[in-house]
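Coordinates in review
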Amino acid sequence: MKKFILFIFLTGLVSQCYCWGFYAHKTINYHSVFLLPPQMLLFYKENIALVAEHATDADKRRYAVADEAPRHFIDIDHYGHYPFNELPHKWNDAVEKFSEDSLLSYGIVPWHVQIVYKRLIKAFQEKNFSSIIKNSADLGHYIADAHVPLHTSQNHDGQLTNQKGIHAFWESRIPELLADKKFDFFIGKAEYIQDPGAFIWERVLESAKAADSVLSFEKKLSLQFPGDKKYSFEKRNNSLIRQYSSGYTIAYDKMLNGMVERRMRQSIFAVASFWYTAWVNAGQPDLSAIVNKSFSANDLNEFEKLNNDWKNVEGKKESDHE
Ligand SMILES: [Zn+2]
């Protein structure tokens, strides 16, 4: 019996990932397409499945690329207290003050968003189908990550406050349970962003401001909620997965007063607006000639390798746990 419980506990950890879950990332990229102006909409609608599918490539790369991990978060509370005036927003100033190594170890998401944004401008200028899809998908991923409160906190999985698992609870369990049924993703139009750097820093600071509620509300709920109703068990891929129960998830979402839906909506608006701004700043290229292009054989090989490497690591993690 003891062994069985340990097995459940360990397999429960397997699905944890420190990013919006795959479902949420794909949903955000997918819905962002519908905010675009007609000149872009034709291209993105035709390729919406690719933009959504590749929304998760950045997470898969974490296993293969050593530099990947810090691009998804910034532990901004390392630098003091809100609004963290000690941390310069310009990369060179921040490097001068804290050193590149230190910045990398506490995460660089707001800076990396700006790098991928520039790559997307270049892709539009070159009218390079593959590069437009890949960089649109990646940009969507990093922007969405910047909207997650726990991506801005050193206590990113509640490990410092005995709340381990809260990361995936907020960003995977809630959207997976509620987004399709309850969340509204009808959001007006993309807008031109005058200052992309300032824009993404504002989103990061909003996330940092919300991190405390994300943690303290769950703590409060866990003390009120009957202990035996907090988790439920579900069979997935022949493993028994322990997860937060529907009742507990719904109660937490209610306490957060729609925060997860709000952050998903804001992510969608931000992603579409960044894509649009990149296209405008690339000179509004006519995309009609490349609408029906497809990935090259090289691209497809690269995706296959990425998927295989990722599946191997995931599979190994599962067998390690068993
Ligand atoms: Zn991520």
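Above this note sits the structure.
So, a few notes on the structure that sits alongside this text. (Residues numbered from 1 in each chain as written. Predicted model: local features only at pLDDT ≥ 70, side-chain atom pairs only at ≥ 80, totals over all residues. Heavy atoms only, no water.)

1. Brief notes about the environment of tyrosine 23
Heads up, the rule is: Strands are runs of DSSP state E lasting at least two residues, helices are runs of H or I lasting at least four, and both sets are numbered from the N terminus onward. Residue burial is assigned from relative accessible area. The probe radius is 1.4 Å, only protein chains are included, and a residue is buried under 20% of its type maximum, exposed over 50%, and partly exposed in between. Only heavy atoms enter the contact rule, under which two residues are in contact if any of them lie within 4.5 Å. N or O atoms closer than or at 3.5 Å make up a polar contact, with two conditions inside protein: a donor-capable atom paired with an acceptor-capable one, and, for residues adjacent in sequence, both atoms drawn from side chains.
Within the fold, tyrosine 23 resides in helix α2 (residues 22-32). Given a relative accessible area of 24%, tyrosine 23 falls into the partly exposed group. Sequence separation between tyrosine 23 and arginine 173 is 150 residues; the distance between their C-alpha atoms is 9.8 Å. Each residue touching tyrosine 23, except ones within four places of it in the same chain, is listed here: Pro175, Glu176, Ala179 and Asp180. A polar contact is formed between the side chain of tyrosine 23 and the side chain of aspartate 180, at a distance of 2.7 Å.

2. What about the pattern of salt bridges?
Where we set the bar: The salt bridge definition used is simple: a Lys or Arg side-chain nitrogen within 4 Å of an Asp or Glu carboxyl oxygen.
Scanning the entire structure with this criterion turns up 14 salt bridges. For glutamate 126, the salt bridge is made with lysine 122, and the minimal N-O distance between the two is 3.2 Å. Residue glutamate 126 and its partner lysine 122 are both found in helix α8 (residues 109-126); the two are separated by four residues, about one turn of the helix. By relative accessible area, which is 44% here, glutamate 126 ends up partly exposed. Judged by relative accessible area, lysine 122 falls into the partly exposed class, the value being 48%. Lysine 305 serves as the salt-bridge partner of aspartate 309, at 2.9 Å between the closest nitrogen and oxygen. Linking aspartate 309 with lysine 305, this pair stays in helix α14 (residues 297-321), spanning four residues, or about one helical turn. The class for lysine 305 is exposed, based on a relative accessible area of 52%. Salt bridges sharing common partners tie together Arg61, Glu68, Arg71 and Asp138.

Note that every value here comes from positions in space, so none of it alone points to a role or purpose.
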